[in-house]
Amino acid sequence: MCSNRTNESKPLVLVDGSSYLYRAFHALPPLTNSKGQPTGAIKGVAAMLRKLVDEYQPEHMVVVFDAKGKTFRDDLYPEYKAHRPPMPEELRVQIEPLHQLIAAMGLPILKIEGVEADDVIGTLARQAAEQGIETVISTGDKDMAQLVNEHVTLVNTMNNSKMDVQGVVDKFGIPPELIIDYLALIGDTVDNIPGVPKVGPKTALKWLQEYESLEGIKTNADSIKGKVGENLRAALEQLPLSYQLATIRLDVPLDKGPAEYFLQAPDKEALIAHYTELEFKAWLEELLSESSGSAVASACKQNYETILDEKTLDAWIEKLQQAPLFAVDTETTSLNYMQAELVGLSFSVEPGEAAYLPISHDYPGAPEQLGLDMVLEKLKPLLENPKAFKVGQNLKYDSHILARYNVKLQGIRFDTMLESYVLDSTASRHDMDSLALKYLGHRTVHFEDIAGKGVKQLTFNQIPLEQAAPYAAEDADITLRLHQALYPKLQADDALLSVFENIEMPLVPVLTQIEENGALINADDLRLQSQRLAEKIQILEQDAFDIAGEKFNLGSPKQLGLILYEKLNIPVIKKTPKGQPSTAEPVLQELSHDYPLPKVILEHRSYSKLKSTYTDKLPELIDRNTGRIHTSYHQAVAATGRLSSSDPNLQNIPIRSEAGREIRKAFIAEQGNCILAADYSQIELRIMAHLSADKGLLDAFSKGLDIHKATAAEVFSVPVEKVSADQRRNAKAINFGLIYGMSAFGLARQLKIGRNEAQQYIDQYFARYPGVRHYMDNTRAVAAKHGYVETLFGRRLYLPEINASNGMRRQAAERAAINAPMQGTAADIIKLAMISVDNWINETGLDARLIMQVHDELVMEVNQRQIAEVSEGLKLIMESAAKLDVPLVVDVGTGKNWDEAH
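Not measured: the values here are computed from a predicted model.

### Overview of the overall build of the chain
Helix and strand counts for the chain come out as 37 helices and 22 strands. When its C-alpha atoms are laid out on the principal axes, the chain stretches across 110 × 80 × 55 Å. Across the 902 residues in the chain, those meeting the buried criterion constitute 52%. Contacts spanning at least 24 positions in sequence make up 67% of the contacts within the chain whose residues lie at least 6 apart. Only carbon and sulfur atoms are counted for the fraction: they give 49% of the accessible area of the chain, which is about 41,500 Å².

### Points about the pattern of salt bridges
Scanning the entire structure with this criterion turns up 46 salt bridges. Residue K438 pairs with E279 through a salt bridge whose shortest N-O separation is 3.2 Å. Taken together, the positions of K438 in helix α18 (residues 432–440) and E279 in the loop between α12 (268–278) and α13 (281–290) put the pair 159 residues apart, joining distant regions of the chain. For R729, the salt bridge goes to D726, with nearest N and O atoms at 3.9 Å. With R729 and D726 both in helix α31 (residues 725–739) and 3 residues apart, the pair spans about one turn of that helix.

### Remarks on the confidence of the model for the chain
Of the residues in the chain, 97% reach a pLDDT of 70 or more, and the chain-wide mean stands at 90. Note on residues 293–299: pLDDT under 50 across the span, and 7 contacts to partners over four residues away in sequence or across chains.

### Focus on the packing of helix α1 (residues 17–27) against helix α4 (residues 89–104)
Axis separation between α1 and α4 bottoms out at 11 Å; the angle between their running directions is 130°. As far as their axial angle goes, α4 and α1 are oblique. When the axes of α1 and α4 are compared, the crossing they make is right-handed. Taken together, the residues of α4 that come into contact with α1 (itself represented by L21, Y22 and F25) are E90, L91, Q94, I95 and L98.

### Some thoughts on the sheet that holds strand β1 (residues 12–16)
Pairing is mixed in the open sheet, where 6 strands are placed in the order β3-β2-β1-β4-β5-β6. Unpaired on one side and paired on the other, β3 (109–110) and β6 (161–163) mark the two borders of the sheet. Summarising the sheet, β1 and strand β2 (residues 61–64) pair through 4 bridges and their orientation is parallel. Looking at β2, one finds that V13 is bridged to M61. Packed onto the sheet, helix α2 (residues 40–56) meets β1, β2, β4 (135–138), β5 (152–156) and β6 and runs at close to 165° relative to β1.

### Focus on the packing of aromatic side chains
Across all of its chains, the model carries 18 aromatic pairs by this definition. Here F280 and W283 contribute two aromatic rings whose centre-to-centre distance is 5.4 Å and whose plane-to-plane angle is 80°, an arrangement assigned as edge-to-face. F280 sits in the buried class, given a relative accessible area of 1%. Residue class for W283 comes out buried when judged on its relative accessible area of 12%. Through successive ring pairs, a cluster of aromatic residues spans Y356, F447, F460 and Y471. In this structure, K319 is placed above the aromatic ring of W316, and the distance from its NZ or CZ to the ring centre is 4.2 Å. The ring centre of Y788 lies 4.2 Å from the NZ or CZ of R796, which sits over that ring.

### Details of the nonpolar core
Most often, soluble globular proteins have nonpolar side chains that are buried together. By size, the foremost hydrophobic cluster in this structure holds 115 residues, and its most contacted members are F552, F667, Y680, Y765, V837, M852 and M860. Among the elements that make up this core, the one with the highest residue count is helix α35 (residues 807–844) (11 residues). Not counting residues up to four positions away in its chain, the partners in contact with F667 are A519, L520, I521, L618, I629, L650, I653, I675, M852, K896, N897 and W898. If you look at the next biggest cluster of nonpolar residues, it comprises 50 residues, including A125, L183, L214 and I248.

Quick notes on the rules
- Residues numbered from 1 in each chain as written.
- Predicted model: local features only at pLDDT ≥ 70, side-chain atom pairs only at ≥ 80, totals over all residues.
- Heavy atoms only, no water.
- Helix = DSSP H or I, 4+ residues; strand = E, 2+ residues; numbered from the N terminus.
- Buried < 20%, exposed > 50% of the residue type's maximum accessible area, 1.4 Å probe, protein only.
- Contact = heavy atoms within 4.5 Å.
- Areas by Shrake-Rupley, 256 points an atom, 1.4 Å probe, with all protein chains shown as cover.
- Salt bridge = Lys/Arg side-chain N within 4 Å of Asp/Glu carboxyl O.
- pLDDT = per-residue confidence, 0-100.
- Axes fitted to C-alpha atoms, helices over the stretch in contact; angles between N-to-C directions.
- Parallel < 35°, antiparallel > 145°, perpendicular 65-115°, else oblique.
- Left-handed = near helix turned anticlockwise from the far one by under 90°.
- Pairing = 2+ DSSP bridges.
- Phe/Tyr/Trp six-rings, centres within 6.5 Å; stacked < 30°, edge-to-face > 60°.
- Lys NZ or Arg CZ within 6 Å of the ring centre and 35° of its normal.
- Core = buried A, V, L, I, M, F, W, Y, C linked by side-chain atoms within 4.5 Å.

In structure tokens:
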């Protein structure tokens, strides 16, 4: 935003930093960086300062804060501000980083001991007015209205309001010179200024309008009748003190006058460091974009080359052969690895030195490029050499692309996406642009910068080489530089290094192969399912209309809210952040126990989601060349280490509902093959037994008991053989509820029992399994101390909110702390199993292939003649993937489709 102000019209800007610090802290949503450092107040104040600078373009500006310690008002009145609670620790820790950031922005900061920020601002404003300097005071404090005059205006950037002399009259009904009188009368409960008891703004205004001043009111005190008159007369002795406390000083001794406080040029290197540390990504990117030609952005000189002839290609191949490690990246026409065409490759051998090898740019006027066949013939030995080590950013994708051209990428040594993910799964996104900002302080050229956005976005082959080559070369260059920044951090921690080198990196080729294998589905069956679901959806819609007594849009939260809460008078149990009655799924789940319409809506939503997400969508995802669907597995998304998948998302196909099982029936095997599904049994409970070392749990699992029956026997004090189905069901809810940190309230709601009864169940459980209680208490303490928890294999989950003063956020972090080691260890175990299974298949030459990984389950397609052999071997490998103090148990099933096998 540019300003049209002339130098003569640029005002002095005085900022009430302390006022904004508190207001930003309390008014804005809590914000932390990935280390758990509170940053919300810092960002709120900094945003306000940026806005002021942008709007006023001042030459003179001061940000004033309260100094530590007591002020002259405390000496006048020891009870001054006595009722104020101590500053929250989450706010206190933001003060020093904020001051450092403001200094880096080039803004003068002022703190004067013995007085408040208001007094410093008042003094500077008076001095400026005397010199005829127009002054803007940025504050949210109503007391500052006493400073307004023909040269001084108040602005409040949090609500975009401005207040000149007339503005004061409009707001308070009195001119600025009577504001102190007004404040003395009404007092201030926050600052503990006495005032006159029971006198509020209306009475104070009435008196001031009638008697013209505080002195006039005091003179006529005897004529004011009623209780309020008595209060006034009783307060007459104290009114001078209230007046003095409310008066902003205008004579604070200062070393400089207002015209001597100049804005300085921002310290861009310091700002980059602060924005990086605080994780203010948008501001960092903006700054780096502005500084692209500066020494900061060019700390690493770029020597990028475009390979357009065979001689240059040969020279680069020689460089790559001699390099101990090189970065490689592909440029393609699509993110769909099964459809994308190769457009070019880029390489880097050392920071700042990279090359782009274009192959198929075909825009009008594109220069002649080296032929695809010749390029691949020359590169294939290098790319397939397992001893020529490569680093990449998401090399699984590049492996897919090269495989489509009969090149099997080997020597995959490092992946910067996975390095970042293992270092801190919750820190940020793990894409290259985000990592370059975070770890290198470098704004990369974004794809949208050269390709455009939306429907008119170009594919890479359509982008001129003048833009495409630097972009592609930078990808390889930044990848290498990121590796040099990230890998030493992993090397500094043996456990994290082990997770990276023994789990995540070996998994890359395994997932590549699973994705290539794909899964066969029966599209005709799914289309029939879509028809049946459409019929069910229509019936449910009519049911909803019948209950509501009118037609409405079931997908509209607004219309549904009106029906539920206004027409049917169903009680509102939760509101949205905007204050509207909520129609979110958890709310409807709770209401569905007592009211029919929420239950119908939930069923309607469930069937609609299955139809749109699976039965309609899956046939559209069948690859035209393979006849299969090929999901994408994501290693660097779920914080706990679990794999996620997309296009399609296999993790969300429900297994308990009939409709969900129908969808699984559509996943079939080729003629002569069978589907084999192997699922870890109660793996998280077994991990809990191992981590807690609880004797009761260890004993139950070691003896092969039904753990839910065993728990029911302990909790309900009955013999195992006498446990009822209801008791087992309740025990199962307790077992799984506790590993997810469920409270008595949550358990009571799930079991539909009283809270006291639920608490009794939990107390009894912990009495019988004290090791579990000890594990949970110890895990909370470790998380609070270190800010993270670890899996059995050393994978780390950071918990930024674990020491939050907000109880709900802290408790949510504590629940995550308890569950994450179990969920993360389960994720590590199945990943290790996948690696071992893949090695076993490759070594034995079995006619079997992994086609899916879903939750704790591996799914294979196997030649039906080898089912027995594969079943036995798979079970053995999976059960041996980790050594726990209790046995791992794997259930194996086979069938013509996934549902039968499961």
